[in-house]
Amino acid sequence: TICLASSKGKLVKFNETQARPLGRTASGVKGIELDDGAKVVGMTTSLEGNYILVITSRGFGKMSEIGEYRETKRGATCVTTVNATVKTGKLVAMRAVNGDEDLMMVTNGGVVIRSPLEQVKVAHRVTQGVKVIRLEDDKQRVSSITVVPHEDEGAEEEAAPEAPAEGE
């Protein structure tokens, strides 16, 4: 299945057979019905993970099981994936994850943090989520995220070979 999310916290999930193959010069088919002022912030497939991870501009996030989202038709009106309010901000990113990866977030102030997805709450699809990054002030926002393979903190030390002692 294919999932598309909008900045207003809506998501549409549809079967990939509904997006027919088209020629290179074709303009494509409509995937999601957008509300006024909304834009698409993420696209993923069910092959990429078992959970839908959403992060808002004010640092809220959550993971929901992909099965909680009903399948609709391509281009249909969406279902709510996160309550986008003044407190939480707009949805800035959506990814499919397994839950054992690490999440890297970047703010518009240049702050980058990396944390395990195990620390992000698994919640129902219509909740606002929990604070996953503490922002310094009201002007700071989460601007982008990426999901990377989990890395243990001690793995870096073990991977570095020791230099031979002098005289060897």
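Whatever comes next refers back to the structure up there.
Residues numbered from 1 in each chain as written. Predicted model: local features only at pLDDT ≥ 70, side-chain atom pairs only at ≥ 80, totals over all residues. Heavy atoms only, no water.

A. Structural context of the environment of Val 40. Residue placement: Val 40 occurs in strand β3 (residues 40-45). A residue is classified by how much of its surface remains accessible, and Val 40, at 43% relative accessible area, is partly exposed. For the pair formed by Val 40 and Lys 10, sequence separation is 30 residues and the distance between their alpha carbons is 9.5 Å. Residue contacts for Val 40: discarding those within four places in its chain leaves Ala 5, Ser 6, Ile 32 and Leu 34. (Helix = DSSP H or I, 4+ residues; strand = E, 2+ residues; numbered from the N terminus. Buried < 20%, exposed > 50% of the residue type's maximum accessible area, 1.4 Å probe, protein only. Contact = heavy atoms within 4.5 Å.)

B. Representation of the sheet that holds β3 in the model. Judged by pairing direction, the sheet is antiparallel, and its four strands sit side by side in the order β3-β1-β2-β6 without closing on themselves. Edge positions in the open sheet fall to β3 and β6 (79-80), since each of these has one partner strand only. Relative to strand β2 (residues 10-14), strand β1 (residues 2-6) is paired through four bridges, and the arrangement is antiparallel. Note that in β2 the partner of Cys 3 across the bridge is Lys 13. (Pairing = 2+ DSSP bridges.)

C. Molecular detail of the pattern of salt bridges. Evaluation of the coordinates by the stated rule reveals three salt bridges. For Asp 138, the salt bridge identified is with Arg 58, shortest N-O distance 3.5 Å. With a gap of 80 residues between them, Asp 138 in the loop between β10 (130-131) and β11 (142-148) and Arg 58 in the loop between β4 (51-56) and β5 (60-65) connect regions that are remote in the sequence. Looking at Asp 138, the relative accessible area reads 58%, which means it is exposed. What makes Arg 58 buried here is its relative accessible area of 16%. With a closest N to O distance of 2.9 Å, Arg 114 and Asp 102 form a salt bridge. Within this pair, whereas Arg 114 is found in strand β9 (residues 112-116), its partner Asp 102 is found in strand β8 (residues 102-107), the two being separated by 12 residues in sequence. (Salt bridge = Lys/Arg side-chain N within 4 Å of Asp/Glu carboxyl O.)

D. Region of interest: the nonpolar core. With 14 residues, the main nonpolar core has Leu 53, Ile 55, Leu 103, Met 105, Leu 117, Val 120 and Ile 145 as its most contacted residues. Ignoring any residue separated from it by four or fewer positions in sequence, one finds Leu 117 in contact with Leu 53, Met 63, Val 97, Gly 99, Glu 101, Asp 102, Leu 103 and Val 147. Counting 12 residues, the second-largest nonpolar core is a separate cluster that includes Leu 11, Ile 66, Val 79 and Leu 91. (Core = buried A, V, L, I, M, F, W, Y, C linked by side-chain atoms within 4.5 Å.)

By themselves, these observations are geometric and do not establish any function.
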